[in-house]
Structure formats: C-alpha cells, structure tokens
Amino acid sequence: MKDPIIVLPYDPDWAGEFQAIGRRLRQALQEVAIRIDHIGSTSVSGLAAKPVIDIQISVRSFEPLLLFRDPLVELGYVYRADNSDLTKRYFRESPGKRRTHIHVREHGSFAEQSALLFRDYLSAHQAAAGEYADLKSKLGELYKHDRVRYVNEKDPFIWETMRKANQWSQEAGWKPAKSDC
C-alpha cells in the first residue's frame, strides 16, 4: 500500500528546504535552467500542504534530454519516463531521500506559466488559499489511501481558481517574478 495522504499545517521550514535544494540544482544545471521555482502548496506561506517540495525547472527545450536529466540523476533524482503528462519531464527523490517532485517544463509554456500564476494568486489571496487548505484537508481525510481520487477531486477548485487568477493577472499586469533560485 502506498503512503497515506497527510496534509499538514504550513511549515516555514519548507522555504528553507527549497532554497537548499534549489542551490544544488542551480549549481548542477547552471544555464540549462532558465528558472528554478518553488511551486505547489509548500511554496505558499500559510497554506496547509502535503510535505512535498515541488520544484519547477524551466528549460529552453526538452531536447536534448540529457542536458538536464543527467545532472538531476547525478544529484540522486529518479527520472520518471513513464510520466503521462507531456507538458513536463518528471523526477522524484530517490528512496530514503526527502520527498521532492521536480517538474521540468519548457520556458514560456502554458504549463510553466500556470504553475507560477496559481502559486502567486494564492499567495496574494489568503482567502482563496484558506479555502484550498480546507478542501485539501477534507479530501485528505476522505481519500487518505486513494491518491488519484484526492487529486481529481481538487480539479474543480483548481480550475475555478485559475479562472480567477487569469482575470487577476490581467487586472494586475502579473508577470512571474525573478526566478526563486
């Protein structure tokens, strides 16, 4: 059986953990990584989350794969070639290491921009972040051992939030801030 879904209160140490990982990634990838950003729920101050550090690495192109795959593998990350999401290349921590998900996306792509917009919108709108935290906690209890259902049940909230974030981005003139690392 897979690990149960556990949603924890926000931990301010998550930001420091990302910075430590991000520095190692930046050193290994150099200019191959246009951006290295902390994304996902652990990147939003005050937001309850599964204790997984999600990192987005933006690259010019997915090819040649070895430009980013080999340095990430050397750092101990496992390339998940079986990932079905064609908008990213996906890596996970090796067994026994700190839970980390690395999403490599093409710079300027919709997928790259939406991950940053979702993060920034929740950071700027604490009420929405609170709703998301409540939903995740509720779903974590309901679907503690059903990860697919947990993820799928969040979709309506995420897409409605992205609709609002899109409107906000136009009104605020949102652009992604400088890379986190």
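Here, the structure is the one placed above.
Keep in mind it's a predicted model, so treat the numbers as computed, not measured.

**Student:** Before we go on, may I ask you to explain the side chain of Asp54 in this structure?
**Tutor:** Positionally, Asp54 belongs in strand β2 (residues 53–59). Separated by 2.8 Å, the side chains of Asp54 and His103 make a polar contact. When near neighbours in sequence (up to four residues on either side) are disregarded, Asp54 contacts Asp37, His38, Ile39, Gly40, Thr42, His101 and His103.

**Student:** Whenever I open this one, unusual backbone geometry confuses me. Can you help?
**Tutor:** Peptide bonds are trans in most cases, and residues, glycine excluded, mostly fall at negative phi. Cis rather than trans, the peptide bond between Glu63 and Pro64 has omega equal to -5°. Its place among the elements puts Pro64 in the loop between β2 and α2 (66–74). Phi is positive for Gln30, close to 50°, though the residue is something other than glycine. Mapped onto the elements, Gln30 comes out in the loop between α1 (13–29) and β1 (35–39).

**Student:** Any chance you could explain the environment of Leu65 here in plain terms?
**Tutor:** Here Leu65 shows up in the loop between β2 and α2. For Leu65, a relative accessible area of 17% puts it in the buried group. For the pair Leu65 and Arg89, spaced 24 residues apart in the sequence, the C-alpha separation amounts to 8.9 Å. Ignoring anything within four residues of it in the chain, the contact list for Leu65 reads Tyr79 and Arg89.

**Student:** Explain the nonpolar core to me, please; I cannot follow it from the model alone.
**Tutor:** Counting residues in hydrophobic clusters, the biggest one holds 24 residues, and the most contacted among them are Leu47, Leu117, Tyr121, Leu122, Tyr132 and Tyr150. With near-sequence residues (within four places) excluded, Tyr132 lies in contact with Ser41, Leu47, Phe118, Leu122, Lys154, Phe157 and Ile158. Listed in part, the 20 residues of the second largest apolar core include Ile36, Tyr77, Phe91 and Val104.

**Student:** So what exactly am I meant to see when it comes to the packing of aromatic side chains here?
**Tutor:** Geometry of an aromatic ring pair is reported as the spacing of the ring centres plus the angle between the planes. Overall, the coordinates contain 6 aromatic pairs when judged by the stated rule. Ring geometry for Phe118 and Tyr132: centres 5.6 Å apart, planes at 90°, overall edge-to-face. Of this pair, Phe118 sits in helix α3 (residues 110–124) while Tyr132 sits in helix α4 (residues 126–142), and the two are 14 residues apart along the sequence. Since its relative accessible area comes to 15%, Phe118 is described here as buried. Judged by its relative accessible area of 4%, Tyr132 falls in the buried class. Geometrically, the ring pair formed by Tyr121 and Trp168 is edge-to-face, given 5.6 Å between the ring centres and 75° between the ring planes. Placement of Tyr121 in helix α3 and of Trp168 in helix α5 (residues 147–172) is noted, with a sequence separation of 47 residues between them.

Quick notes on the rules
- Residues numbered from 1 in each chain as written.
- Predicted model: local features only at pLDDT ≥ 70, side-chain atom pairs only at ≥ 80, totals over all residues.
- Heavy atoms only, no water.
- Helix = DSSP H or I, 4+ residues; strand = E, 2+ residues; numbered from the N terminus.
- Polar contact = N/O pair within 3.5 Å; in protein donor to acceptor, adjacent residues only side chain to side chain.
- Contact = heavy atoms within 4.5 Å.
- Buried < 20%, exposed > 50% of the residue type's maximum accessible area, 1.4 Å probe, protein only.
- Core = buried A, V, L, I, M, F, W, Y, C linked by side-chain atoms within 4.5 Å.
- Phe/Tyr/Trp six-rings, centres within 6.5 Å; stacked < 30°, edge-to-face > 60°.

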